[in-house]
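# Structural description and commentary
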Amino acid sequence: LLLQRSREAKAAAYCPYSRFARGAALTAGGQIFSGCNVENACYSLGMCAERTAIQKAVSEGHTSFKAMAIASDSEDDFIVPCGACRQVMREFGRDWDVYLTKPDGTYIIKRLEELLPLSFGPEDLRK
């Protein structure tokens, strides 16, 4: 269901510049929060699908995540989150699953700590 919801979210992507549609779906509190990428003519103001899903979940009071699936139309490689998204994901722990998918439905699962090793997180500010 998580993978399906990420593909559904991809359909809503606003990406007139890159034409690289992405969708993400995140589990939190027994619910699924999805998001798509939203580009802007001022490129740096765009938002990735992963961060959109996280912000939707956080805005509804959820900060404990179990898994996220990421979808795109890229058939050659499993799609991975950008560095900025990895750091935002890390804010909410490092021990959750990230499903990296292809349009044909195949996927691999990585732990967030595999995608962002030796990371910096909230607990580092308490030292």
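Anyway, here's the lowdown on the structure attached to this text. Everything numeric here is computed off the predicted structure, so don't read it as measured data. (Residues numbered from 1 in each chain as written. Predicted model: local features only at pLDDT ≥ 70, side-chain atom pairs only at ≥ 80, totals over all residues. Heavy atoms only, no water.)

## Quick word on the pairing of strand E2 (residues 31-36)
- Relative to E2, strand E1 (residues 22-28) runs antiparallel, the two sharing six bridges. The residue of E2 that forms the bridge with Ala-25 is Ser-34.
- Connecting E1 to the antiparallel partner E2 that follows it, the hairpin turn spans two residues, and Gly-29 within it adopts a positive phi of roughly 55 degrees. (Pairing = 2+ DSSP bridges. Helix = DSSP H or I, 4+ residues; strand = E, 2+ residues; numbered from the N terminus.)

## Considerations on the pairing of strand E5 (residues 107-111)
- Judged from the five bridges that link them, strand E4 (residues 97-101) and E5 form a sheet pairing that is antiparallel. Across the sheet, Thr-101 pairs through a bridge with Tyr-107, a residue of E5.

## Considering the pattern of salt bridges
- A complete count under the given rule lists six salt bridges for this structure.
- We note a salt bridge from Arg-90 to Glu-123, for which the minimum N-O separation is 2.3 Å. Note that Arg-90 is positioned in helix H3 (residues 83-90) and Glu-123 in the segment after helix H4 (112-115), a separation of 33 residues in sequence.
- The exposure class assigned to Glu-123 is partly exposed, which follows from its relative accessible area of 27%.
- Linked through salt bridges whose partners overlap, the residues forming this network are Arg-90, Arg-94 and Glu-123. (Salt bridge = Lys/Arg side-chain N within 4 Å of Asp/Glu carboxyl O. Buried < 20%, exposed > 50% of the residue type's maximum accessible area, 1.4 Å probe, protein only.)

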